[in-house]
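# Topology and contacts: notes
The lines below spell out each chain.
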Amino acid sequence: MSRTMMLALMVAAVSTMTWPVSAMADSGWIAEFVWSPQYCSKYRDSREKQCQQTNGFVLHDLVRVVDGRTADNCDHGEALSQRILDQMAQFTKNRIQTQMFWHRHGRCSGLSETDYASFAEHVDRRMSWPIGYQPGSPEQLSTPADVVAALKDDNPGLKEEALALRCKRRELEAVSLCLDDRFELSASACLLSSNCGESVRLRSSR
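Parameters and conventions
Residues numbered from 1 in each chain as written. Predicted model: local features only at pLDDT ≥ 70, side-chain atom pairs only at ≥ 80, totals over all residues. Heavy atoms only, no water. Core = buried A, V, L, I, M, F, W, Y, C linked by side-chain atoms within 4.5 Å. Buried < 20%, exposed > 50% of the residue type's maximum accessible area, 1.4 Å probe, protein only. Helix = DSSP H or I, 4+ residues; strand = E, 2+ residues; numbered from the N terminus. Contact = heavy atoms within 4.5 Å. Axes fitted to C-alpha atoms, helices over the stretch in contact; angles between N-to-C directions. Parallel < 35°, antiparallel > 145°, perpendicular 65-115°, else oblique. Left-handed = near helix turned anticlockwise from the far one by under 90°. Nonpolar A, V, L, I, M, F, W, Y, C, P; charged D, E, K, R; others polar.

Further remarks concern the nonpolar core. Grouped together as the largest cluster of nonpolar side chains are 41 residues, with contacts concentrated most on F33, L62, M88, L177 and L179. The element contributing the most residues to this core is helix 5 (residues 113-126), with five residues. Setting aside residues no more than four positions away along its own chain, L62 makes contact with W29, I30, A31, F101, H105, Y116, F119, A120, V123, L179 and F183.

Quick look at the packing of helix 3 (residues 82-92) against helix 4 (residues 95-104) now. At a closest axis distance of 9 Å, the pairing of helix 3 and helix 4 adopts a crossing angle of 115°. In terms of axis orientation, helix 3 runs roughly perpendicular to helix 4. Considering how the two elements wind past one another, helix 3 and helix 4 form a crossing that is right-handed. Packed against helix 3, whose contacting residues are Q82, L85, D86, M88, A89 and T92, the element helix 4 presents R95, T98, Q99 and F101 at the interface. Taken together, the residues of the contact of helix 3 with helix 4 break down into four nonpolar, four polar and two charged.

At a closest axis distance of 10 Å, the pairing of helix 3 and helix 5 adopts a crossing angle of 10°. Classified by the angle between their axes, helix 3 and helix 5 sit roughly parallel to one another. Taken together, the residues of helix 5 that come into contact with helix 3 (itself represented by R83, I84, Q87, M88 and F91) are E113, T114, Y116, A117, S118, A120, E121 and D124. Across the contact of helix 3 with helix 5, the residue classes tally to six nonpolar, three polar and four charged.

Shown next, in the form of structure tokens:
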């Protein structure tokens, strides 16, 4: 099946879901994708036993934003059911982290666990990663501007103001996106800002 057809089917499926409650002009979402080789290197001696270094960019968080504030640190609600955890782990690649970001952000989102998982998968699948930013890519040294340009070229409609790069020293750790209430890319009232210097290193995923 072609990518165009797959995206069309995804859009049709998402249109039948229940949209988030309390939708308003100043609400939306932040999606964070970690660069798996860097993430795995950072946590290789911790409890992240399921970390796989061949995953490229992996969805790490999906956070609700209302009136300029993130909905996080939920102190009530159930853990993800085994069925939903299994579903999400197919694209997050890490059960421990998936359960953690549901606890921190999902339970505050206004969505059921079923809808949260479905929207997270929709966000993950719609993002296209350019050559050089995919599993198996060799190490490369670039500039923040070149990284942003490559992402924009591969994702029509993505504006520079709607994304941010997160680095530690010059290692690229994550790419975050601003989305509106219907999970479309949106630069409106985006809270994100990049913190990378003049050069960016993408650790090899081999």
